[in-house]
Protein chains: 2
Amino acid sequence: MSSRSVQEQIAPENEVLQSGLLSAVDDLYGGVMVDMKEHMDATVFVPLLRASLSYWREQGKRGIWIQLPIRLVHLAEPAVKEGFRFHHAEPDYLMLVCWISETTDSLPANASHSVGIGAFVMNSKREVLVVQEKGDKFKGTGVWKFPTGVVDEGEDICKAAVREVKEETGVDTEFVEVLAFRQSHRSFFCKSNLFFVCMLQPHSSHIQKQISELEAAQWMPFEEYAAQPFVRDHKLFNYIAKICLAKSEKGYSGFSTVSTTTSSGKTTYLYVNNQDLKQL
Amino acid sequence: MSSRSVQEQIAPENEVLQSGLLSAVDDLYGGVMVDMKEHMDATVFVPLLRASLSYWREQGKRGIWIQLPIRLVHLAEPAVKEGFRFHHAEPDYLMLVCWISETTDSLPANASHSVGIGAFVMNSKREVLVVQEKGDKFKGTGVWKFPTGVVDEGEDICKAAVREVKEETGVDTEFVEVLAFRQSHRSFFCKSNLFFVCMLQPHSSHIQKQISELEAAQWMPFEEYAAQPFVRDHKLFNYIAKICLAKSEKGYSGFSTVSTTTSSGKTTYLYVNNQDLKQL
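Residues numbered from 1 in each chain as written. Chains lettered and ligands numbered in written order. Predicted model: local features only at pLDDT ≥ 70, side-chain atom pairs only at ≥ 80, totals over all residues. Heavy atoms only, no water.

Draft legend 1. Examining the relation of the copies chain B and chain A more closely. For the match of chain B to chain A, the screw axis carries a shift of 0.1 Å, the RMSD comes to 0.1 Å, and the turn is 180°. Here the symmetry operator amounts to a two-fold rotation axis. In this assembly, 100% of the residues forming the interface of chain B have copies in chain A that are likewise at the interface, indicating an isologous arrangement. (Least-squares fit on C-alpha atoms with pLDDT ≥ 70 in both. Contact = heavy atoms within 4.5 Å.)

Draft legend 2. Broad picture of the environment of proline 147 of chain A. Residues and elements named next belong to chain A. With respect to the secondary-structure elements, proline 147 resides in the loop between strand S7 (127-133) and strand S8 (148-150). With relative accessibility at 1%, the residue proline 147 sits in the buried group. In sequence terms proline 147 and glutamine 132 are 15 residues apart; their C-alpha atoms lie 8.5 Å from each other. With residues near it in sequence (within four places) discarded, proline 147 still touches Ile117, Gly118, Ala119, Leu129, Val131, Val165, Glu168 and Thr169. (Helix = DSSP H or I, 4+ residues; strand = E, 2+ residues; numbered from the N terminus. Buried < 20%, exposed > 50% of the residue type's maximum accessible area, 1.4 Å probe, protein only.)

Draft legend 3. Geometry of helix H4 (residues 157-169) of chain A. Residues and elements named next belong to chain A. The end-to-end C-alpha separation of H4 is 18 Å, in line with the 18 Å expected for 13 residues at 1.5 Å each. Residues Ile157, Cys158, Ala160, Ala161, Glu164, Val165, Glu168 and Thr169 constitute the buried set of H4. Seen from one end, H4 has its buried residues packed into an arc of 165°, which puts them on one side. Positive backbone phi, at 80°, marks glycine 170, one or two positions downstream of H4. (Expected span 1.5 Å × (residues − 1). Arc of directions from axis to C-beta.)

Draft legend 4. Just the packing of aromatic side chains, in detail. Throughout the structure, instances matching the rule amount to 22 aromatic pairs over all chains. Between phenylalanine 181 of chain A and phenylalanine 255 of chain B, the aromatic rings sit 6.1 Å apart at their centres with planes inclined by 45°, giving tilted as the arrangement. Here phenylalanine 181 of chain A, found in strand S9 (residues 173-188), pairs with phenylalanine 255 of chain B, found in the loop between helix H7 (235-248) and strand S12 (256-261), and the two come from separate chains. Each member of the pair phenylalanine 181 of chain A and phenylalanine 255 of chain B is classed as buried. (Phe/Tyr/Trp six-rings, centres within 6.5 Å; stacked < 30°, edge-to-face > 60°.)

Draft legend 5. Region of the structure containing the domain arrangement of chain A. Partitioning chain A into structural domains gives domain 1 (24-99) and domain 2 (113-273). Taken over C-alpha atoms, the centre of domain 1 of chain A sits 41 Å from the centre of domain 2 of chain A. (Domains from an automatic or database assignment.)

Draft legend 6. The nonpolar core, seen in detail. In terms of nonpolar packing, the biggest core is built from 105 residues, with Phe181 and Phe196 of chain A together with Ile157, Phe181 and Phe196 of chain B touching the most fellow members. Here phenylalanine 181 of chain A is in contact with Leu194, Phe195 and Phe196 of chain A together with Ile157, Val178, Phe181, Phe196, Phe255, Tyr269, Leu270 and Tyr271 of chain B, once residues within four sequence places are set aside. By size, the runner-up hydrophobic cluster in this structure holds 59 residues, among which are Trp56, Ile66 and Leu75 of chain A together with Ile64 of chain B. (Core = buried A, V, L, I, M, F, W, Y, C linked by side-chain atoms within 4.5 Å.)

Draft legend 7. Structural view of the side chain of threonine 173 of chain A. Here threonine 173 of chain A lies in strand S9. If we ignore the near neighbours within four places in the chain, the residues touching threonine 173 of chain A are Val121, Val162, Val165, Leu200, Gln201, Pro202 and His203 of chain A.

Draft legend 8. Looking closely at the sheet that holds strand S5 (residues 93-99) of chain B. All names here are of chain B. Within the open sheet, the five strands sit side by side as S1-S2-S3-S5-S4. Their pairing is mixed. Each of the sheet's edge strands pairs with one partner strand only, and the pair in question is strand S1 (25-26) and strand S4 (85-90). By the bridge criterion, two bridges tie S1 to strand S2 (residues 32-35) in an arrangement that is antiparallel. Directly across from valine 25, in S2, lies its bridge partner methionine 33. The strands that helix H2 (residues 42-58) touches are S2 and strand S3 (63-69); relative to S3, the one it contacts most, it runs at about 155°. (Pairing = 2+ DSSP bridges. Axes fitted to C-alpha atoms, helices over the stretch in contact; angles between N-to-C directions.)

Draft legend 9. Up close: unusual backbone geometry. Residues and elements named next belong to chain A. Not every positive phi belongs to a glycine, and arginine 126 is a case in point at roughly 60°. If you trace the backbone, arginine 126 turns up in the loop between strand S6 (113-121) and S7. What makes arginine 126 partly exposed here is its relative accessible area of 28%.

Draft legend 10. Quick look at the sheet that holds strand S3 (residues 63-69) of chain A. Residue and element names in this part refer to chain A. A sheet is described by the order of its strands in space; here five strands give the open sequence S1-S2-S3-S5-S4, paired in mixed fashion. With partners counted over all chains shown, the strands left at the sheet margins are strand S1 (25-26) and strand S4 (85-90), one partner each. Running over the sheet, helix H2 (residues 42-58) touches strand S2 (32-35) and S3 and is turned about 155° from S3.

Draft legend 11. Seen up close, the interface of chain B and chain A. With 80 residues of chain B at the interface, the matching set in chain A holds 80 residues. Of the roughly 6,800 Å² buried between chain B and chain A on both sides combined, carbon and sulfur atoms contribute 68%. Ranking the residues of chain B by area buried against chain A places Phe86, Phe181 and Phe189 of chain B at the top, with a combined share of 11%. Between chain B and chain A we count four salt bridges in total. Residue lysine 191 of chain A is joined to glutamate 90 of chain B by a salt bridge in which the shortest nitrogen-to-oxygen separation is 2.5 Å. In this structure, the connection of chain B to chain A is made through 35 residue pairs in polar contact (both at pLDDT 80 or more). (Buried area = accessible area lost by both parts, 1.4 Å probe. Salt bridge = Lys/Arg side-chain N within 4 Å of Asp/Glu carboxyl O. Polar contact = N/O pair within 3.5 Å; in protein donor to acceptor, adjacent residues only side chain to side chain.)

Draft legend 12. The pairing of strand S7 (residues 127-133) of chain B, seen in detail. All names here are of chain B. With seven of its seven residues buried, S7 lies for the most part within the structure. Here seven bridges tie S7 to strand S11 (residues 214-221), and the two strands are oriented antiparallel to one another. Across the sheet, residue glutamate 133 finds its bridge partner in S11, namely leucine 214.

Draft legend 13. Up close: the pairing of strand S9 (residues 173-188) of chain B. Residue and element names in this part refer to chain B. Most of S9 sits out of view: twelve of its 16 residues are buried. Summarising the sheet, S9 and strand S10 (residues 191-202) pair through eleven bridges and their orientation is antiparallel. Counted as the bridge partner of phenylalanine 188 is lysine 191 from S10. Linkage of S9 to S10, two consecutive antiparallel strands, is achieved through a turn of two residues, within which phenylalanine 189 is found at a positive phi near 50°.

Here's what the structure looks like:
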């Protein structure tokens, strides 16, 4: 049933479908997705949901998804009373799910990790691009750090690193390699974090600092960066500085990108040690 | 205010706090967290929430979090009406948030990625551990794949790979390296996925197949695995097979682990090209 035909079947006075069922589209895993768009009262929603669940059970459906926009949050309680649980939420919607099959629940796991990048950008004078962030825990300590940022959902790590450096410092760069990555846990609530240290090649040098987020930005001799107590005394930062030094002296291979195409035609990046592969 | 003192102040007949405010604990970022535990009617909740918001505004608080267990889902609608939005949800709770400060919203991003592993396990006879999964899209095609699985939140990638191989095949292994990783988008809804190809060293050979998830599991000559049309004709799988071959012939360095300790004393793993670092 297309959304167009649903619209046509909605009786304006009460928004009940003539068919007495919620409008839903099949997903690829033997389930259905109900994308609630129109306003509906709980008194209308509950009988429709019950009739729909009976129908989907007869049809042998498995996972039933209800995407509730935040303006329809009043339907969350009745859906939970009918057996739905939360799956995930974004600022503007709540996704509810119910497994109605006798088979083992094979619903996909919720996203578990946020992803961040740190950018190692060194110029031909062996100076690195460093910043002091306004909202940072190091604020006021005089510590200089690599630019860092969040990889948005749907964004490639290699592109996020270039974007963050451009936004924070105005410097144009090109992605070279992931030099290392760190996984940490309970980054917020129970979620984990993956942080990728990326080497970027600078293509410009003029710094235009992002006023909203940065106190300061500059090019700094690498040795001066690495000599800061915060880098010297912290095993993680010390290790990363060593890797950056190794990389800048050409003796270290990180992971660079190979683009591949998925069965649906999208480009995805594989990150591999291309330097070693080429030597074989 | 500790949760103990809150309990003491709850008047049993209506569960209103004597203080007229919701119980909350400060977070580390200038905000507060309300962890709703006791049953509360919306008629009680709304005036408490309004009074609390006024109080927190006076106090200069910024992000206000409300964690609603699913049994209190009836409070989601009133919270949204008071200006809250969704932040994230897990099966058993919904997290709502409201930024009440004039300063720029610096709330943490929701988790954006799920994380998976694929395990390359080769024995001394150059046989690889391969499986046929029940719920897989390759079901019934005769395709043999590396064991794969989901990295749970809070779980280390290196440990998840060992766990999955043990669960699926009964084979004991030790993590060696991440050989490559792939980032893909829209893995479900708008979320992205990071998939790490891990090399593991087997410490046992007897296969005990996981009946609920696997059709079959076996040791297979690597050349036979790589000659499958599904591996040969698909750029991604072909590339990964090449990397595994390169690794098994000792000419490829992936990322192995270095354990570091966070400021709060937790162990976290940094994944780096240790082979290159050692040579320097």
